[in-house]
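Coordinate inspection notes
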Amino acid sequence: MFAVMVDHKLREHRSKIEYSIAYLFSVLGYSYRILADDEYASVEDIPFMYVSNKKIVEEYLSEHPRGFAICVLHDAIHYNYDNLGKGDIKQLLKSFNIGYEIPYICSRDIVEPISFTCDAKKQRFYVGVFHFDLIGNIYFHLTGKEQDTIKHRDAQKRFSYQQSNFEKYMNYPYLTGMINLVELFLSEGESYLRYPLLKKPLWPGNKQYAIAITHSVDKLTKWNGMRFWESLFYWLRSFWRVQYHLRNFWGLLRYLFDNWEPYWNFDLIAGLEKDNGIQSTFFFGVGDEKQAGVDYELAEPDLKTQKNELESFGHGFGLYLSRESKEAAYQKSTKELSAFTGTTINGARKENFILPEAKETALYQSNGLKWDSSWAMPDLQGYIHGIGYPFYLSLNGYKEGGILEIPVNFSDHALRSDKAAISMDALEERIEDIIDKARKFRSLLVFNFNVCTFEEILLLSEVFRWLMQRLKGDPSVWKARLSEIYSWHEQRESIKIGNERDLVVIEARRDIDDITLYIKGLWRVNDIVERHIQEKEQEELDLFTENTWWQMKDAEVMVTGRMVRLRNVKSGCRIRLETVKFG
């Protein structure tokens, strides 16, 4: 376990620091505890020092010249950004390359952003040092503080990402890359770990990356009297879009003669997903409030029939909220959608991908909503603020169960901002690039294909068909609904791991279906305390025989090499592993 020592001089920023540290170790998959000002790391702990002066590290080394440690030097520019402008950020922005660019803001001149010190001769200690403020940079991006410096906004009060100082980095999750530098230190100094360290995988089955497919259902009706004249006016104004107009004219004729509705694309979407083994998430709105952002009623018989088909295919559901939703609408909408789907609705998305405000997160929680998927770029696909993994919206989220935000990385709405038509090859290339970045950084990639845009954006249905086939044959990806991603995140976070000398203690604070932990350091499992097998004929089996499950009181455990797999774990279960060092 990591023991985080925070310089007492940074006490006034402690809640912000804890927020950043929680996200850091959540991404890495290691357990940690933050020490009190007068507390010291135990001999089993791995020191993680966040200090304002490098001398503190030197003093620590002189007093504890053994083991592995990480030090982060605080930069005074962080946590108080009131006087920081866009131009200031540009001046503070620096980067370094380790096979990919790592952008960071720093107010001081540094020769090297990261370095390490080790006693290689006597093998006594290894210390990795961040000369830029890793913790402060995490806070800066998680809270989106750069947005406060940009004045020009669109109708939804979002800024164009072309105005961001980080625009050129947004095609990959650079914040995740920055966090992975801690793992780089661990890999280089693994032999210095004095006790074993267990790592939780980012995704089930240790998949390289995760993908979720989502669909916002806002418009289901294209043709009526008013929209007919609006479309006619648009056709006359943009006469050069011949292909688009021919298709829409054909759609209008079909509507007039056989009531065919172009925006009703459920069968096309669900059919392609079923053929390729994809279960997605559909966001439905409740259309009886003023300016609800949807043009349908859940009570419509055709919509109920379509919902039943989606449910039978295993798709999930979320609540689509308008940006004008009032306090009373949250409870009413959640209850009505739950009744409509016959499932518990615990996730939402805001109209036009507007991130919920602080006051709205309380409404989410009071109405049983646990996750949100609203954060997306309005004008390009990519990783907003470099984030490649879900995060809690509030500073107290990790302590009080705040709303988990699952950002959208690829939104078809962004295609509308392109002035020139995009070819099929170009779109495939864009998606391949973002998938490649997700795999490289073991990130989460959320796609959104709005139901109505299959007719509004050229080539979109063809791109969706190509994507479904592309994902079908990829063994490195975990394909999941957003509710499954939330559930996995909660199970993963509930596992706490500590050391008692040569014993590793695993504690589950909620039920766990299945998870595999990985041992860091030159250690292996020697025995499982209190293990037993129900079948007598298996009692002679070696502990590490493949596919041998040892039955505990509230869990099943299997050890294969340096992997520890747990399944059917009950909340409150404690598993103790006896370890031995090798090499």
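Residues numbered from 1 in each chain as written. Predicted model: local features only at pLDDT ≥ 70, side-chain atom pairs only at ≥ 80, totals over all residues. Heavy atoms only, no water.

For the rest of this paragraph, the subject is the nonpolar core. Judged by nonpolar contacts, the single largest core of 166 residues is most densely connected at Tyr23, Leu24, Phe130, Phe132, Phe284, Leu467 and Ile506. Once residues lying within four places of it in the same chain are set aside, the contact partners of Leu24 are Phe48, Leu134, Ile135, Ile138, Ile179 and Val182. Counting 14 residues, the second largest nonpolar core, distinct from the first, contains Met5, Met49, Tyr60 and Val127. (Core = buried A, V, L, I, M, F, W, Y, C linked by side-chain atoms within 4.5 Å. Buried < 20%, exposed > 50% of the residue type's maximum accessible area, 1.4 Å probe, protein only. Contact = heavy atoms within 4.5 Å.)

For the pair helix α13 (residues 424–440) and helix α15 (residues 460–472), the least separation of the axes is 10 Å and the interaxial angle reads 35°. Crossing angle aside, the handedness with which α13 passes α15 is right-handed. Of the residues in α15, those in contact with Met424, Leu427, Glu428, Ile431, Glu432, Ile435 and Arg439 of α13 are Glu462, Val463, Trp466, Leu467, Arg470 and Leu471. Along the lines of polarity and charge, the residues of the contact of α13 with α15 split into eight nonpolar, no polar and five charged. (Axes fitted to C-alpha atoms, helices over the stretch in contact; angles between N-to-C directions. Helix = DSSP H or I, 4+ residues; strand = E, 2+ residues; numbered from the N terminus. Left-handed = near helix turned anticlockwise from the far one by under 90°. Nonpolar A, V, L, I, M, F, W, Y, C, P; charged D, E, K, R; others polar.)

A separate point is the side chain of Ser494. Following the sequence through the fold, Ser494 ends up in helix α16 (residues 482–494). When its relative accessible area of 8% is taken as the criterion, Ser494 is described as buried. For Ser494, the side chain forms a polar contact with the main-chain oxygen of Gln491, separated by 2.7 Å. Residues within four places of Ser494 in sequence aside, it is in contact with Glu507, Ala508, Arg509, Arg510 and Ile512. (Polar contact = N/O pair within 3.5 Å; in protein donor to acceptor, adjacent residues only side chain to side chain.)

Let us now look at the environment of Tyr32. Along the chain, the position of Tyr32 falls in strand β2 (residues 32–34). Every residue in contact with Tyr32, bar those within four places of it in the chain, is listed here: Met1, Phe2, Val4, Ile21, Ala22 and Phe25.

Take α13 next. The first and last C-alpha atoms of α13 sit 24 Å apart over 17 residues, in line with the 24 Å expected at 1.5 Å per residue. Within α13, the full set of buried residues consists of Leu427, Glu428, Ile431, Ile434, Ile435, Lys437 and Ala438. Buried positions along α13 lie against β10 (209–217), β17 (410–411), β18 (444–448) and α15. Residue Arg442 follows α13 closely and has a positive phi angle near 50°. (Expected span 1.5 Å × (residues − 1).)

Inspection of the secondary structure puts Ser571 in the loop between β26 (563–569) and β27 (574–581). On the basis of relative accessibility, which here comes to 43%, the residue Ser571 falls in the partly exposed class. Taking the C-alpha atoms as reference points, Ser571 and Ser494, separated by 77 residues in sequence, lie 9.0 Å from one another. Among all residues touching Ser571, those that are not within four sequence positions of it are Ala508, Arg509, Arg510 and Asp511. A polar contact of 3.3 Å, which involves the side chain of Ser571, links it to the backbone oxygen of Arg509.

With that settled, consider empty space enclosed by the protein. Rolled over the atoms, a probe as big as a water molecule pinpoints where empty space is left. For the structure shown, the criterion picks out two cavities of 30 Å³ or more. Put simply, the second largest cavity is a space of about 30 Å³. In this structure, the second largest cavity is lined by Met1, Ser31, Pro196, Leu197, Leu198, Ile497 and Asn499. Split by residue class, the lining of the second largest cavity holds five nonpolar, two polar and no charged. (1 Å grid on protein atoms, 1.4 Å probe; cavity = no way out; pocket = protein on both sides within 12 Å on 5 of 7 lines; lining within 4 Å. Points joined across faces, edges and corners; volume = space filled by probe spheres on them.)

Attention now goes to the sheet that holds strand β3 (residues 46–51). Adjacent strands of a sheet form backbone hydrogen bonds with each other and so pair up, either parallel or antiparallel. In space, the six strands of this open sheet follow the order β2-β1-β3-β4-β8-β7, with mixed pairing throughout. Of all strands in the sheet, those with a lone pairing partner are β2 and β7 (114–118), marking the two edges. Here the strands of the sheet are splayed against their neighbours by 20° on average, with no regard to which way each runs. Where β3 and strand β4 (residues 67–73) come together, four bridges link them in parallel fashion. What sits directly across from Phe48, in β4, is Ile70. (Pairing = 2+ DSSP bridges.)

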